[in-house]
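Single-letter residue listing:
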Number of protein chains: 2
Amino acid sequence: MTDLQAMGERAVSAKYALQKVSAQERDTTLREAAKLLSSQAPKILDANEEDIRAAQESGMHPGMIDRLRLTKERIEAMAEGLCQIAELPHCVGEIMERFERPNGLVIEKKRVPLGVIGIIYESRPNVTADAFGLCFKTGNAVILKGGSDALRSNIAIVEILRSALEQTGMPADALQLIESTDRAAAAALMKMNGYVDVLIPRGGAGLIRSVVENSTVPVIETGTGNCHVYVDKDADLDMAVRIVVNAKTQRIGVCNACESLVIHRDIEAAFLPRLAEALSPSRVELRGDQAVREILPDCTPASEEDYGTEYLDYILSLKTVDSVEEAIAHINKYNTKHSDCIVTQNKETGEKFLGEVDAACVYVNASTRFTDGFEFGFGAEIGISTQKLHARGPMGLRELTSYKYVIHGNGQIRG
Amino acid sequence: MTDLQAMGERAVSAKYALQKVSAQERDTTLREAAKLLSSQAPKILDANEEDIRAAQESGMHPGMIDRLRLTKERIEAMAEGLCQIAELPHCVGEIMERFERPNGLVIEKKRVPLGVIGIIYESRPNVTADAFGLCFKTGNAVILKGGSDALRSNIAIVEILRSALEQTGMPADALQLIESTDRAAAAALMKMNGYVDVLIPRGGAGLIRSVVENSTVPVIETGTGNCHVYVDKDADLDMAVRIVVNAKTQRIGVCNACESLVIHRDIEAAFLPRLAEALSPSRVELRGDQAVREILPDCTPASEEDYGTEYLDYILSLKTVDSVEEAIAHINKYNTKHSDCIVTQNKETGEKFLGEVDAACVYVNASTRFTDGFEFGFGAEIGISTQKLHARGPMGLRELTSYKYVIHGNGQIRG
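In this report, the structure presented in the accompanying data block is examined. (Residues numbered from 1 in each chain as written. Chains lettered and ligands numbered in written order. Predicted model: local features only at pLDDT ≥ 70, side-chain atom pairs only at ≥ 80, totals over all residues. Heavy atoms only, no water.)

Attention now goes to empty space enclosed by the protein. Inspection of every chain in the model, using the stated rule, returns 2 cavities of 30 Å³ or more. Space inside the largest cavity adds up to approximately 230 Å³. Lining the largest cavity are 19 residues; nearest its centre among them are Pro218 and Val219 of chain A together with Val217, Pro218 and Val219 of chain B. For the lining of the largest cavity, the residue count by class is 10 nonpolar, 7 polar and 2 charged. (1 Å grid on protein atoms, 1.4 Å probe; cavity = no way out; pocket = protein on both sides within 12 Å on 5 of 7 lines; lining within 4 Å. Points joined across faces, edges and corners; volume = space filled by probe spheres on them. Nonpolar A, V, L, I, M, F, W, Y, C, P; charged D, E, K, R; others polar.)

As structure tokens, this is what we get:
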């Protein structure tokens, strides 16, 4: 048996042990974990300092080093996050449906944990506590595989979280970290059918593609967002400017930021100069088609590739269309099924767009930046699903659960 | 572009075209398809005759040939099945949840089709009409890959169903059949991310394993059922005999049949001789552990492998345990997360079993044979899921849908 298989066995044991733990006990553990994170912050900071030093020596980009860096405040935020999760209502155990059959069988559809969740993620070590908190709240065991850059930080955090599990009488193996930095370990995790029920990758497009392509365990694909705003001929142009500026610039490196603008030809001349002016303080590079460039001569020409690109940068592609139908077709061709928006005062056009654009979240007259578990009021978020199976859009606690049918009979047999 | 990619493009176009089709129109098409299947039955029978002849020439097992064979009655049943699907209530378009955020955003969670569903299946050509009916009812486009043995039959059926689509003004590409018998075609279908939203394999364990191992498209794993009945020390033994006989012998080749019996040591001497007698007319081979063989000397010894085997045959493995805890641990180790049952009059023991056995369907005092979309009252069934992602247990129409978040704003931006 490999180390990873042994880890899988322990996770499965922990999964069964967690079935006997009450919701209240899980919340107690989360609060204890928060306390320990705070009180043992120096230990985490020491480990993180080593990660940072190694990253600097290897010449890591300063932006990446910032993502890797923990501070006393960031650790406090991690602890605070666990307390917030403890406050959220529980969903596991709820009876989602109940029906009685003519033969007397009573069938209940009961919400249960997914079981063992594998999470593969990149640099930011705060994901470690966050992912554990959400999975544990919903009664799942979790196996984490973090980025090798953050390994020492992750080991320190996991050690503390596991001691919180032990101190509160929980199975410590409800949380396990793969410490091998070998890529083969991640590859093996993706094949752990029978041990791992679901894999959730969190990170850049490359990581997610690799998990989708190599995993035989069911995956929830998260993240990549080539989000569009379509400014219709019947748009309130002031509102359109506000929405595009917000969706593009409020935070650029996130999956719900706007990457591409689609504009109805009729309002282009009136709209584009105002938009260009509003975007200029953020120095957003515009890449447009012929029609756009006739109005904005400084605009870079857009290639087909631009329309398919998630920039995560101060760049915006622009596409001119003659109708909402053309806008919908363009968006359905290039979007990543994440979040797309129409700005229009025309109710009918809005409904058409909402109905026909294929995305997890479709908006009329609001920024795509709202695609977020907290903004949706879920109180938590493990990621944003861009697939259609199981969960779509922001995933909170319920999306970390499955169900089972519980059937009470009194001797029924099938005729 | 390969033929299969072109097929994928056409399926995606059909998916979008289907968004504009009403539920009523889809039902009309299903009824028209049923009519055409009946009136053009001779065409299907001719094609089927060729398939049968080829199968006989290649020496196919008579049982398999029977599964492949269509008759006028079986075609009538296919047509009747489509009419029944047309009668079922619709779920697509339903608003599953609606909430308003403090900032005024109104968020609706709306049920939508999955999009493009790929179905890979084996010999039985009636699956062709059935799978089309369920997918089309829920607004999905479907790409079918049937067994090569049934290719001529499938081509004839699909041709008729596509003509029903055309005659009722629907996109014919809502149904496409991969006619290549090359295994590479099935392999390519499993990699059609971006075209196919979900793959559902229907068939034997080998087919399902191959799809799970090779697909990069999200899969719903169906079918394999190593189902257990546990006869507790507090069981009503008459009821236990009836349930085991039904679950084992009522139909042996199905995934919800009982393959393994777990017995509490305390009632073994009283129970086993009665069970053996009740099973003897069906000539069920019993394979048991030492304790079982002391009571039933003719019983074959059971190996570890027996406990993990889905026989789909007149064979039953038997395991002795000393407690419900041991029964649960044994079942969780060997089951395929499909259906497991406890027979007991002890309410507490029953609830423990229902809570702790990890399976899609857990029963107290009823045959595992009830795990079925029709028996559950879903009015249809596309398969039985043994994974935890998306759908678990019998899958009806709702399990062929996803959702999208539809958000109405009036200019909200994120602060």
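Past the structure itself, the notes keep going.
Bringing the sheet that holds strand E3 (residues 116-121) of chain A into the picture now. All names here are of chain A. Ordered in space as E5-E4-E3-E6, the 4 strands form an open sheet in which the pairing is parallel. Only two strands of the sheet have a single partner each, and these edge strands are strand E5 (175-177) and strand E6 (198-202). Recorded for the sheet is a direction-independent mean angle of 20° between the axes of neighbouring strands. The sheet contacts of helix H6 (residues 126-137) involve E3, strand E4 (141-145), E5 and E6, and relative to E3 the element is tilted by about 160°. Relative to the sheet, helix H7 (residues 151-167) contacts E3, E4 and E5, its axis offset from that of E5 by approximately 160°. (Pairing = 2+ DSSP bridges. Helix = DSSP H or I, 4+ residues; strand = E, 2+ residues; numbered from the N terminus. Axes fitted to C-alpha atoms, helices over the stretch in contact; angles between N-to-C directions. Contact = heavy atoms within 4.5 Å.)

Our next topic: the sheet that holds strand E16 (residues 401-412) of chain B. Reading across from one edge, E10(A)-E9(A)-E11(A)-E8(A)-E7(A)-E12(A)-E13(A)-E16(B)-E2(B)-E1(B) is the order of the 10 strands in this open sheet, with mixed pairing throughout. In the strand order of this sheet, the two ends are held by strand E10 (300-301) of chain A together with strand E1 (95-100) of chain B, each with one partner. Where strand E8 (residues 258-264) of chain A lies against strand E11 (residues 315-321) of chain A, 5 bridges are found, and the strand directions are parallel. Directly across from Ser260 of chain A, in E11 of chain A, lies its bridge partner Ser317 of chain A. Those strands touched by helix H14 (residues 324-334) of chain A are strand E7 (227-231), E8, E11 and strand E12 (339-343) of chain A, and its axis lies near 175° from that of E7 of chain A. Together, E7, E12 and strand E13 (361-366) of chain A together with E16 of chain B form the strand contacts of helix H15 (residues 347-356) of chain A, whose direction differs from that of E16 of chain B by roughly 145°.

The next thing to look at is the pattern of salt bridges. Here the structure, examined in full by the defined rule, presents 58 salt bridges over all chains. Across the salt bridge formed by Glu97 of chain A and Arg398 of chain B, the nearest N and O atoms sit 3.1 Å from each other. In this pair, Glu97 of chain A is assigned in strand E1 (residues 95-100) and Arg398 of chain B in the loop between strand E15 (393-395) and E16, connecting two distinct chains. Here Glu97 of chain A falls in the partly exposed class, since its relative accessible area comes to 24%. The residue Glu108 of chain A makes a salt bridge to Arg98 of chain A at a minimum N-O spacing of 3.5 Å. Placement of the pair is Glu108 of chain A in strand E2 (residues 106-113) and Arg98 of chain A in strand E1, with a sequence separation of 10 residues. Looking at Arg98 of chain A, the relative accessible area reads 54%, which means it is exposed. Salt bridges here are not isolated pairs; linked through shared partners, they connect Lys15 and Asp197 of chain A together with Asp358, Lys388 and Arg392 of chain B. (Salt bridge = Lys/Arg side-chain N within 4 Å of Asp/Glu carboxyl O. Buried < 20%, exposed > 50% of the residue type's maximum accessible area, 1.4 Å probe, protein only.)

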